[in-house]
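What follows is the residue order along each chain.
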Amino acid sequence: MGTTVLQDLAPAKVNLSLRITGRRPDGYHLLDSIVAFTDFGDTVTVEPSDSLSLEVDGPHANGIPTDDGNLVLKAAQALAQATGAGRGAAIRLTKNLPAAGGIGGGSSDAATTLRLLCRLWDVSLPPKDLAALALTLGADVPVCLEARPRHMSGIGEKLGVLPPFPKAGIVLVNPGSPCPTPDVFRARSGPFSTPALPMLPGHSAHALARALTRERNDLTEAAVSICPEIRAVLSALRDAPGTLLYRMSGSGATCFALYETPEKARAAAAKIARKGWWVASGGLA
């Protein structure tokens, strides 16, 4: 009998909108965000082993830690402790997404690791307990567990169900400049926003884009002050053929644009890629 090897996609998480609605006494900001996921991203592979280990490869592996400074290994350790699994796993993370890019790469990697190890170790936790464990790893990890469109609020732990999203294409662009999240939040100024209105995505990419036009990303101005290249990225997305909506995701520096189909997204991405930025394209999951 061969060794069990399990593999799954850790998709990019895209904040299609992001309102900052307040701040807790402990300093954490409260947010209100429409979150969706792509059909491309990193890849996590797990197989049985006597101990827990992590190997990282892929085009964005450089500088990614392989010790418990990596959220993937922290997720594995937390699940083993919570379930008493007492087993190891050899984990391989293939990094296709840029780190610290505002698209939840590390959080999605950790959530995918939790899903895969539950299968590999044949363990389970009640959904509420698994979500609570995910939250201890990071505010974005719970929403990445299901990797489906959600209305996210609080610090990320409150997840509301959204109607199914229509098929649409998406392009992600990152200029490769650092845009640290703590710095962006510190640079943010002005009043807090009210929560988002109910989201009705419609039945086409055009309807989804129209529904999102009444939303925004409250961190864009602050992020641009730290990473001016974001402005150039947004201009390129605006001018690309077939763009329905363009915006910054999360705290930056990655920006996105929506298209009618994945094919139209890939055509736009091919033109933008000539500028030398990191570009990825495909569909909304």
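Since this is a predicted model, take the numbers as computed values, not measurements. (Residues numbered from 1 in each chain as written. Predicted model: local features only at pLDDT ≥ 70, side-chain atom pairs only at ≥ 80, totals over all residues. Heavy atoms only, no water.)

Engineer: Just to check I follow, could you spell out the overall build of the protein for this structure?
Structural biologist: In terms of regular secondary structure, the protein is built from nine helices and 10 strands. A globule of 285 residues ought to have a C-alpha radius of gyration of about 19 Å, and the protein, at 19 Å, matches this closely. When the backbone C-alpha atoms are referred to their principal axes, the protein occupies close to 55 × 45 × 35 Å. Within the protein, the fraction of its 285 residues that count as buried is 53%. Partitioning the contacts of the protein with sequence separation of at least 6, the portion at a separation of at least 24 is 74%. For the protein, the exposed surface amounts to about 12800 Å²; the carbon and sulfur share of it is 52%. With 28 positive and 25 negative side-chain charges, the protein shows a separation of 8 Å between the mean positions of the two kinds. (Helix = DSSP H or I, 4+ residues; strand = E, 2+ residues; numbered from the N terminus. Rg over C-alpha atoms; globule rule 2.2 N^0.38 Å. Buried < 20%, exposed > 50% of the residue type's maximum accessible area, 1.4 Å probe, protein only. Contact = heavy atoms within 4.5 Å. Areas by Shrake-Rupley, 256 points an atom, 1.4 Å probe, with all protein chains shown as cover. Lys, Arg positive; Asp, Glu negative; His and termini not counted. Charge placed at Lys NZ, Arg CZ, Asp CG, Glu CD.)

Engineer: For this particular structure, what's the right way to read the nonpolar core?
Structural biologist: The tendency in soluble globular proteins is for nonpolar side chains to be buried side by side. Of all hydrophobic cores here, the largest spans 68 residues; its most connected members are Ile-91, Leu-114, Leu-117, Trp-121, Ile-230 and Leu-237. When sequence neighbours within four positions are dropped, the list of residues in contact with Ile-230 reads Cys-179, Ala-223, Val-224, Met-248, Ala-253 and Cys-255. Within the second largest apolar cluster, 25 residues are counted, among which are Ile-103, Leu-208, Ala-211 and Leu-245. (Core = buried A, V, L, I, M, F, W, Y, C linked by side-chain atoms within 4.5 Å.)

Engineer: Is there a simple way to think about the sheet that holds strand β9 (residues 255–259) in this case?
Structural biologist: Whether parallel or antiparallel, the strands of a sheet pair through hydrogen bonds between backbone atoms. Taken in spatial order, the four strands make up an open sheet running β8-β9-β7-β10, and their pairing is antiparallel. Every interior strand has two partners, whereas the edge strands, β8 (245–248) and β10 (278–283), have only one. Adjacent strand axes in the sheet meet at a mean angle of 15° when their direction is disregarded. In terms of strand pairing, β8 meets β9 through four bridges, oriented antiparallel. The residue bridging Tyr-246 from the neighbouring strand is Ala-257, located in β9. Helix α8 (residues 229–239) rests against β7 (169–174), β8 and β9 of the sheet, and its axis sits at about 10° to β9. (Pairing = 2+ DSSP bridges. Axes fitted to C-alpha atoms, helices over the stretch in contact; angles between N-to-C directions.)

Engineer: For this particular structure, what's the right way to read the side chain of Arg-247?
Structural biologist: Take Arg-247: it is sitting in strand β8. Buried and without a salt bridge, Arg-247 has Glu-215 as its closest oppositely charged side chain, separated by 6.5 Å. There is a polar contact of 3.0 Å between the side chain of Arg-247 and the backbone oxygen of Leu-212. In this view, Arg-247 contacts Leu-16, Ser-17, Leu-212, Thr-213, Glu-215, Arg-216, Asn-217, Leu-234, Cys-255 and Phe-256; residues no more than four positions away in its chain are not counted. (Salt bridge = Lys/Arg side-chain N within 4 Å of Asp/Glu carboxyl O. Polar contact = N/O pair within 3.5 Å; in protein donor to acceptor, adjacent residues only side chain to side chain.)

Engineer: In this structure, what is going on with helix α2 (residues 105–120)? I would like to understand it.
Structural biologist: Counting along an α-helix, one turn takes 3.6 residues, and residues three or four places apart therefore face a common direction. With 16 residues, α2 extends 22 Å from end C-alpha to end C-alpha; this agrees with the ideal 22 Å at 1.5 Å per step. Phi turns positive one or two residues past the end of α2, at Asp-122, with a value near 55°. (Expected span 1.5 Å × (residues − 1).)

Engineer: Teacher, can you tell me more about the side chain of Thr-243 here?
Structural biologist: Within the secondary structure, Thr-243 sits in the loop between α8 and β8. For Thr-243, the side chain forms a polar contact with the main-chain oxygen of Ala-240, separated by 3.2 Å. Among residues more than four places away in sequence, those in contact with Thr-243 are Leu-237, Arg-238, Ala-257, Leu-258 and Tyr-259.

Engineer: What is the right way to look at the pairing of strand β5 (residues 150–154) in this model?
Structural biologist: Sheet faces and side chains relate simply in a regular strand, where the side chains alternate between the two faces. Most of β5 is tucked away, with four of its five residues classed as buried. Bridging between strand β2 (residues 29–49) and β5 involves five bridges; their strand directions are antiparallel. Within the sheet, the bridge partner assigned to Val-35 lies in β5 and is Arg-150. Counted between consecutive antiparallel strands, the loop separating β5 from strand β6 (residues 158–161) contains three residues, among which Gly-156 sits at a positive phi close to 125°.

Engineer: Is there a simple way to explain the environment of Pro-59 in this structure?
Structural biologist: Here Pro-59 is to be found in the loop between β3 (52–57) and α1 (71–83). Note on Pro-59: relative accessible area 63%, which makes it exposed. C-alpha separation for the pair Pro-59 and Asn-96, spaced 37 residues apart in sequence, amounts to 5.8 Å. If we ignore the near neighbours within four places in the chain, the residues touching Pro-59 are Lys-95 and Asn-96.

Engineer: Looking at this structure, I do not really get the pattern of salt bridges. What am I missing?
Structural biologist: Oppositely charged side chains can form a pair if their charged atoms are brought close together. According to the stated counting rule, one finds 14 salt bridges in the structure shown. When the shortest N-O distance is used, the salt bridge between Asp-183 and Arg-186 registers 2.5 Å. A residue pair is termed a helical-turn pair when its members lie 3 or 4 positions apart in one helix, as Asp-183 and Arg-186 do in helix α5 (residues 181–187) at three residues. The class for Arg-186 is exposed, based on a relative accessible area of 63%.

Engineer: Explain the packing of α1 against helix α3 (residues 127–137) here, please?
Structural biologist: If you want to describe how two helices pack, look at the angle between their axes and the distance between the axes. α3 packs onto α1 with a crossing angle of 140° between their chain directions and a minimal axis gap of 10 Å. Taken together, the axes of α1 and α3 are oblique relative to one another. Of the two elements, α1 crosses α3, and the hand of that crossing is right-handed. Facing Leu-71, Lys-74, Ala-75, Ala-78, Leu-79 and Ala-82 of α1, the residues of α3 in contact are Leu-130, Leu-133 and Leu-137. Looking at the contact of α1 with α3, its residues break down into eight nonpolar, no polar and one charged. (Parallel < 35°, antiparallel > 145°, perpendicular 65-115°, else oblique. Left-handed = near helix turned anticlockwise from the far one by under 90°. Nonpolar A, V, L, I, M, F, W, Y, C, P; charged D, E, K, R; others polar.)

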